[in-house]
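Secondary and tertiary structure notes
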Amino acid sequence: MRLPKGPNSLPHHTIFHHLLIVSLLLIKLSNPTSSQPMTVKVGFIFDPASPPGMIANTTIPMALDDFYTANPNSANRMSLLTRTSPGSDIVTSASAALELISQEKVHAILGPGTSPESAFVADMGTKAKVPIISISSTSPSVSHSHSPFFIRAAANDTTQASAIAALVKAFGWRRVVPIYQDDDYGSSLIPYLVDALDNVDSQMPYRQSIPLLANEDEIDTILATLQNEQTRVFIVHMRVALATKVLALARNMGMMSNGYVWILTDGLTSLLSWLPEESVEGVLGLTQYYPMTDRLRKFKTRWTRHFLKDYPKEDPEVAQTLSRYAIWAYDAVWAMANASEHVKQIDNKFANSTNGSTDLSSMGASTTGDDMLQAILNTTFKGLGGEFKFVNGELDVSVFYIVNVNGGKGRTIGYYTPKYGLSKKFPVESNASYSTSRDDLGPVIWPGESTVQPKGWVLPTIGRKLRIAVPGPVQEGFKMFLDMETDNTTNQTTATGFVIDMFEAAVEKLPYALPFEYIQVLHIKYDDLVKMIGNGTYDAAVSDMTITYNRSKDADFTLPYMASSLSMVVPVRNERSKNAWIFLKPLKADLWLGSFAFFVFTGAVIWCLEHRINDEFRGPPSNQLGTTFYFAFSTLVFSHRETIVSNLSRFVIIIWVFVVLILQSSYTASLTSTLTVQRLTPTFADIHELLISGKNIGYLEDSFTKDFLKRTGFVENRLLPFKSPDSYEEALSNHTIAAVVDEAPYLQVFLNKYCDNYTMVNLPNKTGGFGFVFPRGSSLVTDLSRAILNITEGDESTRIMQKWFGESLSCPPQDSPLSSHSLDIVSFWGLFLITGATSLFCCLIQLALFLKENRHHIRNITSINSFRRSLRSVARLYDEKDLSSHTFRKSQPSSPYNFGSSPYNFQPDTPMSISNHSGGGPFSSEQMSPVTDEAEMHGNSINETPNHGSA
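Please read all numbers here as calculations on a predicted model, not as lab measurements.

Summarising the model, the protein chain shows a mean pLDDT of 83, and 85% of its residues fall at 70 or more. Note on residues 28-35: pLDDT under 50 across the span, and 3 contacts to partners over four residues away in sequence or across chains. Note on residues 813-819: pLDDT under 50 across the span, and 12 contacts to partners over four residues away in sequence or across chains.

If you want it as structure tokens, here you go:
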């Protein structure tokens, strides 16, 4: 049905528009969150009077404004609900947290400011599933592992322990004393610091806590006690309020002067501007490293302006330094804001809670708590301090500045990283190694404006002295090792001897003072004394005590300050050899054979050089052989009669006679020594000979050597104890005992006095040497061992030994250098090389001259004969006389028919003889000629006259 149109009716399109607007309004009302962001309630608990609280109060609102300015389209927005906790009171903080959770239904809480507060609030947050994000609680006593909903957006104090230890190591301080606030914040770092210092061989001889509410008188008393102790290196770990009083009073007492070292932990170094400038001059400190970016520099400028606006009465100098607390607070807010963007459902519901109740049991649990916690832990971004991320619920902090405070400001002298240790620059080169070297830090101006590094200790004016047990009385003859004398008037005990000097020299090398006193312990066995050290009766023992396995079970020993081994002293006997072949002893077999070979070789060389020109080296072969050997060996006594005509032979003989002279002199000297010098040998060469001999053995009374001898197999009735070197000598001389078995140092004292008739035979058994004794686990063992090494590696130990024992006497031990030793060819190889080379050289010259003079004949011989026949023919040619030699020209008259040519008329068809004179050499005969029958058969003729002379 169509409606009638009237004057008041509306157009259809107008009605449609109204309906559309109404629909949109209904949709808008049914989805109120579609255009308005959800509110994320975050509580903020802080101490308005503490520096970290004041810094956070300025920083957190700035961080929120910056985040939402950078992210205007955020789906959720944080709403900050601020609560204060004056004086960092735990009850107030807990009450504020309970009110924020139960009534305000917050999704997370920033704060509170201190570790004790955080520990309590963290438990509440874990129960209510509300994340607690701390921006200033650095104590390891509260952690994410113990309270899963606790997140530390700050550094853990334990991360700086290794950095402090590296700093102590670099300057070589072996003892440091921590001064810390007596609460959870101060004391929780100490165990980690002890472990870190132990890794660099430094210790805490004592530690000093100071109550937070201590007054000036109490602090003065504590500092006076520290001033009277020996350690001068202090590590200060407390909050600003207490540190201000402690450092100011320390300065008034003169403890900020030369010789003192003060190291501030991260919590104080990051707030240097809050400390009195005059109280921190020259101190060292370390604080977290942040790269100074443009963003951080601009933020610092804005933060200074905001802080002075919020706290106009504060010193402007305080606002000029941007501390780590500001960076932690800023980045923590950004982390929470980022995390809230990733939580799918934000609501204010708490399961099992009673609305408005402030009862802990009725808090309930936040339904969005788990999602919020994981979102925060997984948040990573580029923050003000660099890469921001959580590792095990804590901020990842590992790099530290090391600063030296001058003029109230920290001057960077280096950096510390866990991987590379100390370094002057950062970042560190990738190929660098871990360093704790002083060279990797810059120069330091110490307290008192000194540039000289403090040694870190002084002689203490109070304190218990170390009680050093010294056994006694010492027997006569061994008092150079150790002696104690007590003055009856003053009742003072004075210790002297080698052992005492070595101990006191080692103590002087320690990097700290070690007050001690000697206490004489009379008539005690060394094993019992070790047990007394182990049970704490005495603090240490200084004596000539040998380190053994059984003794080391009860106490610790230093490294040996004197080496030792078991030895035995036995009488010596003189054994002059009655051997008929003693004349062969001066030379070893290789030298005898080598000498014989060179005698024969030299004779053969002389024969080769003289045979063709000297009638004395000619004749039948047997005669020539005899002449050669006779001539060679007659040179031994320089009695050779044969005339030498060749200059080459004379040169060979000159060199050879010189060699023979050296050999003869050496032989004579060695033989004389063998026949005349006494040869001292021990009556027993080793312990086993002594064991089977059945004779008695002496040992030092109360020595562990008795147990050694019994283990070796000696029956006890053969073992006789003695007390002094004189008693040793008496027993040995009257044959009561056959030997004395003891440690080498004691036996050396005996030999220094009775050197002539005894010798020391070393046994294969070694001992640990002499060491100083301390209770098990004593830190002094390592330090004194290092000092002993310093002494023994230098000349100081030698000087001390010479002072008490004198120069070592030259007693003839086994294998005495006085005994004669045979000579070997090694000592003469140079002489044999010279004479051999000379002989060969002269032979080569002779051969070259022979080949040159007879080259035509040799050419004809080799051209018509085989190699073997040619060799024989050349040998026969060499065997003939060299008539051209001046020796034959003088002895034979010239022929009146000799006109300068050969006396023979060679015809072409007549065989020839190479030489017309007869020889007597071993290769000549009446029927043989150098020209072969084959040459004659072929009618070969030689029309040349021999060029070596004519008859």
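Having put the structure on the table, let's press on.
The next thing to look at is the nonpolar core. One finds L110 and W262 to be the most contacted residues of the largest nonpolar core, which totals 121 residues. With 13 residues, the single largest contributor to this core is helix α13 (residues 324-340). With sequence-adjacent residues up to four places away left out, W262 is seen in contact with I179, F234, V236, L247, A250, M255, M256, V283, L284 and P447.

Attention shifts here to the packing of aromatic side chains. Enumeration according to the criterion identifies 43 aromatic pairs in this entry. With centroids separated by 6.2 Å and ring planes inclined at 85°, the aromatic side chains of W274 and F307 adopt a geometry described as edge-to-face. Highlighted residues: W274 in the loop between α10 (266-269) and β10 (284-288) and F307 in helix α11 (residues 294-310), separated in sequence by 33 residues. Judged by centre distance (5.3 Å) and plane angle (75°), the rings of F503 and F516 are edge-to-face.

Another aspect to go through is the pairing of strand β8 (residues 233-237). The buried count for β8 comes to 5 of 5 residues, which makes it a mostly enclosed element. The alternating pattern of β8 places V233, I235 and H237 and F234 and V236 on opposite faces, both of which are buried. When strand β6 (residues 177-181) meets β8, the two strands line up parallel, connected through 4 bridges. The residue bridging V177 from the neighbouring strand is F234, located in β8. Pairing of β8 with strand β9 (residues 261-264) involves 4 bridges; the strand directions are parallel.

All right, on to the sheet that holds β6 then. The strands that make up a sheet pair up through hydrogen bonds in the backbone, lying either parallel or antiparallel. As summarised here, the arrangement of the 8 strands in space is β7-β6-β8-β9-β10-β17-β18-β19, forming an open sheet in which the pairing is mixed. Either end of the sheet is taken by a strand with one partner, and the two such strands are β7 (208-210) and β19 (421-423). Neighbour-to-neighbour, the strand axes of this sheet turn through a mean angle of 25°, independent of strand direction. Here 3 bridges tie strand β18 (residues 409-417) to β19, and the two strands are oriented antiparallel to one another. The residue bridging T417 from the neighbouring strand is G421, located in β19. Relative to the sheet, helix α5 (residues 161-171) contacts β8, β9, β10, β17 (400-406), β18 and β19, its axis offset from that of β10 by approximately 145°.

Looking now at unusual backbone geometry. Look at the link from F426 to P427: it is a cis peptide, with omega at 5°. Its place among the elements puts P427 in the loop between β19 and β20 (466-472). Positive phi, close to 55°, is recorded for K129, a residue that is not glycine. Within the secondary structure layout, K129 lies in the loop between α4 (115-128) and β4 (132-134). K129 gets classed as partly exposed once you look at its relative accessible area, which sits at 31%.

Our focus in this paragraph is the state of the cysteines. In the structure shown here, the tally under the stated rule is 0 disulfides. No disulfide involves C608; its sulfur sits 5.4 Å from that of C843, the nearest cysteine. C843 supplies the cysteine sulfur nearest to C842, a cysteine that is in no disulfide, at a spacing of 7.2 Å. Residue class for C842 comes out buried when judged on its relative accessible area of 1%.

What counts and how
Position numbers for residues start from 1 in each chain and track the written sequence from start to end. Whole-chain, interface and lining totals are the exception, using all residues; otherwise, since this is a predicted model, local features are given only for residues with pLDDT of at least 70 and side-chain atom pairs are given and counted only at 80 or more. Neither water nor hydrogens contribute to the side-chain values; these are computed over all heavy atoms in the structure. Every residue gets a pLDDT, meaning the predictor's confidence in that residue, from 0 to 100. Contacts were defined at the residue level, with two residues in contact if any of their heavy atoms lie within 4.5 Å. Buried Ala, Val, Leu, Ile, Met, Phe, Trp, Tyr and Cys residues form a nonpolar core when they are joined through side-chain atoms within 4.5 Å. Note on classification: 1.4 Å probe, protein chains only; a residue is buried when its accessible area is under 20% of the maximum for its type, exposed when over 50%, partly exposed between these limits. Going along the chain from the N terminus, every DSSP run of H or I of four or more residues is numbered as a helix, and every run of E of two or more is numbered as a strand. Any two rings among Phe, Tyr and Trp, with Trp reduced to its six-membered ring, count as a pair given centres within 6.5 Å; such a pair is stacked if its planes are under 30 degrees apart, edge-to-face if over 60, and tilted if neither. Note on pairing: DSSP must find at least two bridges between two strands before they are called paired. Only C-alpha atoms enter the line fits that serve as axes; for helices the fit covers just the stretch in contact. Angles between N-to-C directions range over 0 to 180 degrees. Working definition: a disulfide is two cysteine sulfur atoms within 2.5 Å of each other.

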